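# Structure assessment
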Amino acid sequence: MTDSATSKGEQTRELILSTALRLFREQGYGKTTMRAIASEAGVSVGNAYYYFASKDHLMQAYYDHLQDQHRAAVESVLAGEKSFAARLAGVLRVWLDVSAPYHEFAGTLFKTAADPKSPLSPFSTESQPAREASVEIFREVVAGSDLKLSADLVAELPELLWLLQMGIVLFWVHDDSADLRRTHLLIDRSVPLIDRLLRLTRIPGVRGVVNDIVSLIRAIKP
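Summary of the structure given here. The shown structure was predicted, so the numbers you read here are calculated from the model rather than taken from an experiment. (Residues numbered from 1 in each chain as written. Predicted model: local features only at pLDDT ≥ 70, side-chain atom pairs only at ≥ 80, totals over all residues. Heavy atoms only, no water.)

Tallying each qualifying case throughout the model produces 12 salt bridges. One salt bridge connects Arg139 with Glu136, and the closest N-O pair in it is separated by 2.7 Å. Remark: Glu136 and Arg139 occur in helix H7 (residues 128-143); sequence separation between them is 3 residues, near one turn of the helix. In this structure Arg139 comes out as partly exposed when scored by relative accessible area, which is 39%. Take Glu136: its relative accessible area is 32%, and that puts it in the partly exposed class. Arg218 is the partner of Asp152 in a salt bridge, and the nearest nitrogen-oxygen pair spans 3.5 Å. Here Asp152, found in helix H8 (residues 151-174), pairs with Arg218, found in helix H10 (residues 204-220); they are 66 residues apart in sequence, far enough to count as distant. The network of salt bridges with shared partners includes Arg22, Glu26 and Glu40. (Salt bridge = Lys/Arg side-chain N within 4 Å of Asp/Glu carboxyl O. Helix = DSSP H or I, 4+ residues; strand = E, 2+ residues; numbered from the N terminus. Buried < 20%, exposed > 50% of the residue type's maximum accessible area, 1.4 Å probe, protein only.)

So this is what it looks like as C-alpha cells:
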C-alpha cells in the first residue's frame, strides 16, 4: 500500500471515529447506529464496517483516542512537578479536561461499560491496551515523585491509582454540578489525604500492615 493510500485510509478512519463520537454526544450511544454514522460521515456502510467491525470497536477506538490525548496533556505536569500530590492531582485534573466534551453521553455509555462481560468494560480484555497505557502514566507519577516507599508498594501502587481514577470517573459520570465542581472538589480533597497516608507507610508500625495489604492485593489479582 502506498503512503498516499495509507494516509487516505487513516483520514477515513479518523472521519468515521470523529463522526461517531459527535453522534454519540448528540443522540446517545444506544440510539446511534453504524448506518447513521456512515451516512453522516459520507461513506458507505460497508466502508464503515471495514474500519470498525461494530459500535463497540468504535468505543474502543474512543478509549484509545482519549488515552492518547491524556498522555500528551500530562507531559507538562510530569515534567514540571516533583511533589507526588501535585503530580497525581495534575494527572487527574487533566483527565477531566480531555474528557469534558464527552460528559453528556458518558452516562449512557456507562450502562454498557458497567456490565462485567461487556467488551467496553474498563476491565475487559478488549480494553487492556488503554488500561495498561493509563497504568503506565501512574507508574511515571510515582517513579518521578518525591515519595519514598517500599519496593513492593511501588510495584502495586500504579494500578491502585488507576483504580482511584476509575472511582473518580464513576463519580464524574453522575456529577451534574456546575463545571463539575464536585468532581474537582473530590480530587482536591482526596489527593492530599492519599499523599499523607502513603508517607505514613514508612513508619515501622505501619509497614507491617502495608505488607499485609500488598500480599492481599497480589492474592486476589487475576
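A few words now on the environment of Lys148. Along the chain, the position of Lys148 falls in the loop between H7 and H8. Among the residues examined, Lys148 registers a relative accessible area of 62% and is labelled exposed. Each C-alpha atom, one on Lys148 and one on Glu132, is 24 Å from the other, the two residues being 16 residues apart in sequence.

Between H7 and H8, the least distance of the axes is 8 Å, while the angle of their chain directions is 120°. Here H7 lies oblique to H8, going by the angle between them. H8 is crossed by H7, and the crossing has right-handed handedness. On the side of H7, the interface is formed by Arg131, Ser134, Val135, Phe138, Arg139 and Val142, while H8 contributes Val154, Leu157, Pro158, Glu159, Leu161, Trp162 and Gln165. For the contact of H7 with H8, the class distribution of residues is 8 nonpolar, 2 polar and 3 charged. (Axes fitted to C-alpha atoms, helices over the stretch in contact; angles between N-to-C directions. Parallel < 35°, antiparallel > 145°, perpendicular 65-115°, else oblique. Left-handed = near helix turned anticlockwise from the far one by under 90°. Contact = heavy atoms within 4.5 Å. Nonpolar A, V, L, I, M, F, W, Y, C, P; charged D, E, K, R; others polar.)

Even without being glycine, Asp179 reaches a positive phi, approximately 55°. Note that Asp179 resides in the loop between H8 and helix H9 (181-200). One non-glycine residue, Leu180, lies in positive phi territory at about 55°. Inspection of the secondary structure assignment puts Leu180 in the loop between H8 and H9. The exposure class of Leu180 is buried, given its relative accessible area of 12%.

Throughout the structure, instances matching the rule amount to 1 cavity of 30 Å³ or more. What the largest cavity holds in volume is close to 50 Å³. Residues that form the lining of the largest cavity fall into these classes: 1 nonpolar, 2 polar and 2 charged. (1 Å grid on protein atoms, 1.4 Å probe; cavity = no way out; pocket = protein on both sides within 12 Å on 5 of 7 lines; lining within 4 Å. Points joined across faces, edges and corners; volume = space filled by probe spheres on them.)

Another aspect to go through is helix H2 (residues 34-41). Along H2, the residues that are buried comprise Met34, Ile37, Ala38 and Ala41. The buried residues of H2 occupy one face: seen down the axis, they fall within an arc of 95°. The exposed residues of H2 that point more than 90 degrees off its buried face are Arg35 and Ser39. Just past H2, the residue Gly42 takes up positive phi, approximately 75°. (Arc of directions from axis to C-beta.)

Each pocket or cavity is described by its volume, and for the largest pocket that value is around 610 Å³. As for the largest pocket, its lining consists of 28 residues, and the residues nearest its centre are Tyr63, Trp95, Pro122, Met166 and Val169. Of all the secondary-structure elements, those providing two or more residues to the lining of the largest pocket are helix H4 (55-80), helix H6 (103-113), H7 and H8. In terms of residue count, the dominant contributor to the lining of the largest pocket is H8 (7 residues). Considering only residue class, the lining of the largest pocket consists of 21 nonpolar, 6 polar and 1 charged.

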